[in-house]
Structures are given as structure tokens and as C-alpha cells.
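# Chain and residue survey
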Protein chains: 2
Amino acid sequence: MLAEIITIGDEILIGQIVDTNSAWMAKQLNAAGIKVKQITSVSDDADHIIAALGQAEQRAKIILITGGLGPTKDDITKYTLAKYFNMGMRRDAGVLAQVEEIFRRFNRPMIESNIRQADVPDGCTVIPNKNGTAPCMWFERDGTIFVSMPGVPFEMMYLMDEEILPKLKQAFELPFIYHKTILTANLGESFLAQQIEEIEDSLPVSIKLAYLPKLGQVRLRLSTSGTNEAQLKEEVEVYAQRIIEKIKPYIVAEDDIAIEKAILDLMDKKGLTLSTAESCTGGFIAQLITQHPGCSSVYAGGAVVYSYELKQSVLGVKAETLEKYGAVSEQTVKEMASGAITHFNTDYSVAVSGIAGPDGGTVDKPVGTVWIAVANRNGVVAKLFTFGSKRAQNIERSAIAALTMILNLLKEDNN
Amino acid sequence: MLAEIITIGDEILIGQIVDTNSAWMAKQLNAAGIKVKQITSVSDDADHIIAALGQAEQRAKIILITGGLGPTKDDITKYTLAKYFNMGMRRDAGVLAQVEEIFRRFNRPMIESNIRQADVPDGCTVIPNKNGTAPCMWFERDGTIFVSMPGVPFEMMYLMDEEILPKLKQAFELPFIYHKTILTANLGESFLAQQIEEIEDSLPVSIKLAYLPKLGQVRLRLSTSGTNEAQLKEEVEVYAQRIIEKIKPYIVAEDDIAIEKAILDLMDKKGLTLSTAESCTGGFIAQLITQHPGCSSVYAGGAVVYSYELKQSVLGVKAETLEKYGAVSEQTVKEMASGAITHFNTDYSVAVSGIAGPDGGTVDKPVGTVWIAVANRNGVVAKLFTFGSKRAQNIERSAIAALTMILNLLKEDNN
């Protein structure tokens, strides 16, 4: 079963927002056995929306549309859908009651544009949107289903989870799609490929292998689809295990999880605790860790120490160390990591100090110079990295390098 | 001048990665006076790529393609482009030298798949990629330009900045596109629209107004395009100033910047300093702040205090407060904010303590219960929020609410 996603909104096409909805929807659809054929982003322009709908209808049986349902004049999705399906508009009593209820709850007066939120094409089925005033609309034509949802992520997510996916599962007999992902670190894509070439060449045509490189990590993804769930999993697992056996030293996780989640799982199992001491990554590592539910069993917390003052008062870095070697130095980053162990009383810690840029570089320490240290109760090791000139990338690459160093130390301590 | 972006890769269509490249590219293209008509994501499938290229060629004069250029077997973009343009393949000596140089630099042996990176369609112009082994390829046919770039963000960004955008500006006479964005907070989209209805109705057809709501904030964007840069700016600015005058209490920034950047700018101007004390947001606020270059003049740092122990040792929260009222309480969050002022020695601070979920909720304090406090040297105020059930959204909404509270306090203190 093929689906397409159409996201509507000028804000996407001028790059003002990143379309995160599509990836989330694609993931859910895949899990339900629906393959996404294409994702298309178009502007708030009726002719363009109609053209995109027409092309999508030729390729797929399910067309999910987000965006363009706000109360303001630039939002034209529902009027365009009415035109596409040659329908008139009607005022839906259920939606109106829902809009009125939301305004009552927030104790706000309703205005004409809020009332117009209840207008829908007269041939659609309205799906109640509990979290907002824009209605969700379901259309069917010649066996193809079209669903128009608001672009506000949490409204769309709730509608997908609670309403759209269950209805799609009912409407179609869906195959089972299975992905097995293996996360690796410390070896480049082409070297991984060389190491597992024989296994890759022996894969049956029904199993596809993809390499997904990102910031010093490569994810290997085996994909297949069919009707017998257990058999598909078993078949993929045989090849997955062969690959894992072959490249064991580079395996971070045998699952589609992030490296920090692999660290949390490993430490949780062993009852170990972790803290962070960040300068140039500015809390980026902490927020990567704390996005995972249940992280508090491992992660005690940490500090973001931008100023010299905080490096000393919060982590106990010595004034003479900062003076003699500077904030971006092996000595400072080691004292930061050791300080985290002592001050935050954890088994492991990681510390990062670098020049994220774009300013602050010198001849000796250009932008992209980053020192990272990891510590346990027995000692501390540090490593120098030289990244590039872009701030966001330096922060992200530093974070991934820091997490890789923690994982490597944990593995060493485990042996 | 119209452009289209085509991103190639199964990982996008199964939702394994979020396509952040397209938004970045769209922003750069817009700034150069090139409008993006459509963004299309397709799978690593030759027929589908060819169909997408054909449709894009009918709509736009510039077609930018990313992805599918890795050394592994699933990457087929360049072979598909050769097919699309009816070209053979040739081994490019320049690319080969560049690949060899990269492998020498990292002291790694080259294998066959690395050498194949130097194969390109024989009718394209190769643009050197200094940051990776995948070549960038430029094609021209009947006045339309096609550029194929690697999907690795920093490789693509460098190529766009240094090579592609300058070449496009040379190839076409480009109009000037002007966007003016106003960031507002604390008032819903429809109420904003009502307040500025008269101004909106008086806009000339050449100026378009869009409402972009996100997490308690609404961005208003006025857009226009033409040839006379100064005149366009002046014309838009007249309407922008009318809007700003009309909704003054809700204005966060008169620019397309994030709320934390507006805070940093305001505090920097006044020589004020800021610290953070985060529990449930886990460093999210810190990393929002520290993504901005130059933030260190205002932001001293902060703490991520997940455990009770760290709340006490790092911020001086009293044990009896935690015991009597719990971590998620007005009393605790106020002590966190006051503690940050004292311990981190800053003029302002913000503290957040809540239940991000999905677990940890109780009848009294369900998931989504969040206390936020802001403090200055004279005192502290706290506010209770009740968000939803999703962890990522609770973290993000808490952060935006916290930043809005800082901004409001700064404005109050300013009066």
C-alpha cells in the first residue's frame, strides 16, 4: 500500500520552518505497513495544490495533507480541496461546538474567523480535532483516501495516532514492513561496506541494505516487507546477526536508537550514574540525554559553564589552570570532567571545552578546536578534535564525539 | 526565477531522518532572489527519480538535488542522472585526485568503491567537493540547470555557499525577494488577525501577509519581490511599522529571530547577565541560548539538576522544601531560580521543574505539570503551566514559556 504526504505552506518553501511532520508521519505509516512513495511540499497556492493532489492521486491510494488550515486569509487548503473534489462548503455543527468549547475553556471571545473554522467541504467526513480549532477532513474517491490535517505538530500527531492510523488499518489490508537498524561508530561507510561485502552480496532480493552516515556514525538498515511478520523478522535477523558478528568492535546498538540511548541502557543495566560538564556544547549533550524518558535513573544532571567564574565555582577548575592553559585545553577539560565526578557525585562524567565559532578562534586554537574528556572514579582521559568552521555543526559533532568517548570508556571498563 | 529541490533517499521516506537540508537551501535561495516552487522527497529508485526530475523540469529553471551519492550500492543518483540525460560515465581525474588526497590525509587505504566515487556522467561539469569524496555535478539542458549535491549537510552547505549560489547568480538575472518577519507572543493567531485586520485589508496585492503560529508564539511575515531593493524594503516597512504600532504589547522582535536571541540582544545592550536552572527541560533552554554566537557576553551558564542531590548541592535548594513540597512545586522552582542568581552570580535567572512524562505523573501533578520561575537580584516570581502528555512537546513548550517569562520580566524592569 502506497501513501504520499503533501505539506502545504509558504513557510516551508522559504525555509522558515523545517518540515518535521513528514518524517514523523512517514515513520508511523511505515510501522503500519504503509510505504511512503513521495513527500511533496507546496506553497499556499490553489493551482499548485491541485496539481500536486492530482499527481499524488496517480501514484498512491492514501494521501495525507498537512497545513494551511488556520483561521487567517493565507490558509486556503480546505477551499482548494472543495474545488479539487468539486464540492460546496457547509458549516459543521460538531466542529462549531468544538471551537466554541475551546474558546469557553480559555475564556476568550469568538470572532468571525474562528466561526469560519467550522466550514468544511460538504462531501467530507469530519474527524474531531480535540487539540485545536482546525477540523480534520477525510475524503474518499475511487478507492483513494485523502486526509487533510492541521500542520501544528501536536494536533497532527494526536489525530494520526488516535484517528487516522486506526481508520487506515481498517480500510486496507496492510502488509508488514520490517526494518532492522544497527548503529555503528568509529568506521567510515566505505570500510564498513568492504567488511560486510560478502554478506551484502548474499542478501536475497527481498532484503535491502542501506548505509546512513551521520557525524562519525553509520546506521545500517535492513528492510523487507511481506505478510508473515514472524518469518520476515527471522529472515532479516539472520543477516543482521552475521553483520554484527563481522563488525563487532564498531557496534553501538543493535536497534534504531541514538547513541546516548545506548549509553543510558548500558549504564542503567549496571546501576551506573552519569553527569555532564559542558562549555562549548552549551547543554546540547544534556538535552540529548534528557529527551529520553527514564533517563533520571542514570543521569544526575550537569553544568553548562560558559564563564571562567562558573568553571571554577561549579566544577572546581583551578584559576591557575585557566590562566596558564586557557579554557580550551587538555588541563581544563580534564579538571572539568574530574570536577563533575566529585561535585555531582556520579560514576562517569563527560566534559567538553572548545571554540564553536564563528568568532573566538586564534592561530594556535582555530574555530573548531575542541577538547573532550571522559572520567570515571579512577581517572580521566582527554582527546583533541579539530572540527570545522560552522557553530551548529561543531556543537553537534562535539556532542557525538563526547558520547562516543563515554561509550568506548564504558566498554573498556566492562572488559 | 523558480527553483525546485529534490531530496533522494529512502531514509527520508521511512522517517528515519528529518530533511533539514531543504529548509536551509530554500532560505539561501530566497535570499538570492530565487523562489522555491516545490520540495520533493523521493526514494532511491531510478524510475521514481527520473519521473520527479521530469516534472520538476516542467516547473522550474533550477533543480537542486541532494542525496544518493555515497560509495555504497544503494546510492544510484549519478547513474540515474546519466540515464536521464542520456550520457555515459567517465572517471574524473580531478575527483580521483581529491578522493586520494582525503584518504592520504586520514591515512586510510582506498578501496574500489572509493575509486568509483570519481565516476561521473560524461556531460556534466564537476564542482570540487572539498569536504567529502562525493563529487558535486552541474548539468545544463535547454536553459535549465540541474545540480546534484551530497546529502551530508555540511558538505552541501559548503558547496551551496561557495560554489552553487555564486554560479546561479551569474547564470540568471535575479529579482530581489524581501521578507519582513515580526515575532509575537502571548496572543493567538485569530486575535492578532482581528487586531490588524484593517492593515491587512489595505495591503497592496504585491505584499503577502502570513501567520506562522508555534508554541504560544506567532510570527507575522510580510513578503514581496521585485527589482528595486530599496523601494521594496521601504514599502514593506511602512506596513510592518503600522502592524507593530497596533500590537505593541505582543511584539517580541521586529526581525526573524528566535525569542532567546531577542532576549540576548536586549540584555547585551543593557549589560545584563543570565543563568539557567533546569530540571525537566534538561538543558534544552541552555542549548537554545548557546546556539547563538556571542551569547557568552550575557549567558554565564547554568545547571541541569535532575536529581534531588544536585538541586541541593548546585543550587542550594533546601532539603525540607523538596521533602515538604516536592521537586515540582512553586517553592522548589523559586529556590532554584534564586539559587541560580546567588550561585551563578547573574542579574537574571530562569528555573524550570516539571513532569515531562510519559511517566512520573500523579493525580495531583499529572504529566505536563510544569512550574517556571524567573528571578532578578530583587526577587522571584513563579507560574504554573499545564501542558500535554508528550515529553518532547512538554520540554519545548516549557522552554518557550520560560523564555517568554524572562522577556516579560525584562520589559517590566525596563519600564
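Residues numbered from 1 in each chain as written. Chains lettered and ligands numbered in written order. Predicted model: local features only at pLDDT ≥ 70, side-chain atom pairs only at ≥ 80, totals over all residues. Heavy atoms only, no water.

As named in an unreviewed UniProt entry, chain A is CinA-like protein, taken from Pedobacter cryoconitis. As recorded by UniProt, the Sequence similarities (unreviewed entry) comment attached to chain A reads in full: "Belongs to the CinA family." (UniProt positions renumbered as here; feature names shortened; annotations may be inferred.)

This part takes up the packing of aromatic side chains. Under the counting rule described, the total for this entry stands at 16 aromatic pairs over all chains. Ring geometry for A:Y84 versus A:F85: centroids 5.1 Å apart, planes at 80°, classification edge-to-face. The same class applies to A:Y84 and to A:F85, which are both buried. The rings of A:Y84, A:F85, A:F139 and A:F146 are connected pair by pair, giving a single aromatic cluster. Across from the ring centre of B:F154, 5.0 Å away, lies the NZ or CZ of A:R397, which sits over that ring. (Phe/Tyr/Trp six-rings, centres within 6.5 Å; stacked < 30°, edge-to-face > 60°. Buried < 20%, exposed > 50% of the residue type's maximum accessible area, 1.4 Å probe, protein only. Lys NZ or Arg CZ within 6 Å of the ring centre and 35° of its normal.)

Before going further, it helps to spend a moment on the sheet that holds strand β10 (residues 208-214) of chain B. Backbone-to-backbone hydrogen bonds pair the strands of a sheet. The strands run either parallel or antiparallel. Residue and element names in this part refer to chain B. With antiparallel pairing, four strands are arranged side by side in an open sheet as β10-β11-β9-β12. Each edge of the open sheet carries a strand with a single partner, namely β10 and β12 (251-253). Along the sheet, successive strands turn relative to each other by an average axial angle of 30°, direction set aside. Relative to strand β11 (residues 217-226), β10 runs antiparallel, the two sharing seven bridges. Looking at β11, one finds that K214 is bridged to Q217. (Pairing = 2+ DSSP bridges. Helix = DSSP H or I, 4+ residues; strand = E, 2+ residues; numbered from the N terminus. Axes fitted to C-alpha atoms, helices over the stretch in contact; angles between N-to-C directions.)

The sites that carry the UniProt feature "domain: MoaB/Mog" (unreviewed entry) are, in the present numbering, residues 4-171 of chain A. As annotated, residues 4-171 of chain A has a helix share of 43% and a strand share of 23%, and its two end C-alpha atoms lie 16 Å apart.

Let's shift gears to the interface of chain B and chain A. Contacts between chain B and chain A engage 98 residues on the former and 98 residues on the latter. Summed over both partners, the interface of chain B with chain A comes to about 7300 Å²; 55% of that surface belongs to carbon and sulfur atoms. Here chain B and chain A share six salt bridges between them. Here B:D10 ties to A:K208 by a salt bridge, and the two come within 2.9 Å at their closest N and O atoms. Residues that form the side of chain B that touches chain A fall into these classes: 38 nonpolar, 36 polar and 24 charged. Pairing of strand β2 (residues 35-42) of chain A with strand β2 (residues 35-42) of chain B involves five bridges; the strand directions are antiparallel. In the sheet register, A:T40 faces β2(B), and the bridge partner there is B:T40. (Contact = heavy atoms within 4.5 Å. Buried area = accessible area lost by both parts, 1.4 Å probe. Salt bridge = Lys/Arg side-chain N within 4 Å of Asp/Glu carboxyl O. Nonpolar A, V, L, I, M, F, W, Y, C, P; charged D, E, K, R; others polar.)

Any two side chains of opposite charge can pair if their charged atoms end up close together. All names here are of chain A. One pass over the full model with this rule turns up 36 salt bridges over all chains. A salt bridge links K334 to E330, with the nearest nitrogen and oxygen atoms 3.1 Å apart. Here E330 and K334 lie together in helix α15 (residues 330-344), a separation of four residues that amounts to about one turn.

With that settled, the discussion passes to the relation of the copies chain B and chain A. Mapping chain B onto chain A leaves a residual RMSD of 0.0 Å; the transformation is a rotation of 180° accompanied by 0.0 Å of translation along its axis. The superposition of one copy onto the other is thereby described by a two-fold rotation axis. Mapped onto chain A, 100% of the interface residues of chain B are again interface residues, and the two copies thus contact each other with one and the same surface. (Least-squares fit on C-alpha atoms with pLDDT ≥ 70 in both.)

Moving on, we come to the packing of helix α13 (residues 308-315) of chain A against α15(A). Residue and element names in this part refer to chain A. At a minimum axis separation of 9 Å, α13 and α15 run at an interaxial angle of 40°. By the criterion of interaxial angle, the relationship of α13 to α15 is oblique. Here K311, V314 and L315 of α13 lie close against α15, whose contacting residues are T332, E335, M336, G339, A340, H343 and F344. (Parallel < 35°, antiparallel > 145°, perpendicular 65-115°, else oblique.)

This part is about the domain arrangement of chain A. Along its sequence, chain A is organised into domain 1 (2-171), domain 2 (176-253) and domain 3 (259-414). Each of domain 1 of chain A and domain 2 of chain A was reduced to a C-alpha centroid, and the two centroids are 36 Å apart. (Domains from an automatic or database assignment.)

Residues in a regular strand project their side chains so that they alternate between the two faces of the sheet. Residues and elements named next belong to chain A. Both strand β16 (residues 369-376) and strand β17 (residues 379-386) contribute to a ladder of eight bridges, which runs antiparallel. From the neighbouring strand, T369 faces β17, where its bridge partner is T386. The turn linking β16 back onto β17 is made up of two residues.

Residue and element names in this part refer to chain B. As for its placement among the helices and strands, K130 is situated in the loop between β6 (125-127) and β7 (136-141). Accessibility expressed as a relative area gives 51% for K130, which makes it exposed. Once the C-alpha coordinates of K130 and G302 are considered, the two residues, 172 residues apart in sequence, prove to be 38 Å apart. There is a polar contact of 3.3 Å between the side chain of K130 and the side chain of Y158. (Polar contact = N/O pair within 3.5 Å; in protein donor to acceptor, adjacent residues only side chain to side chain.)

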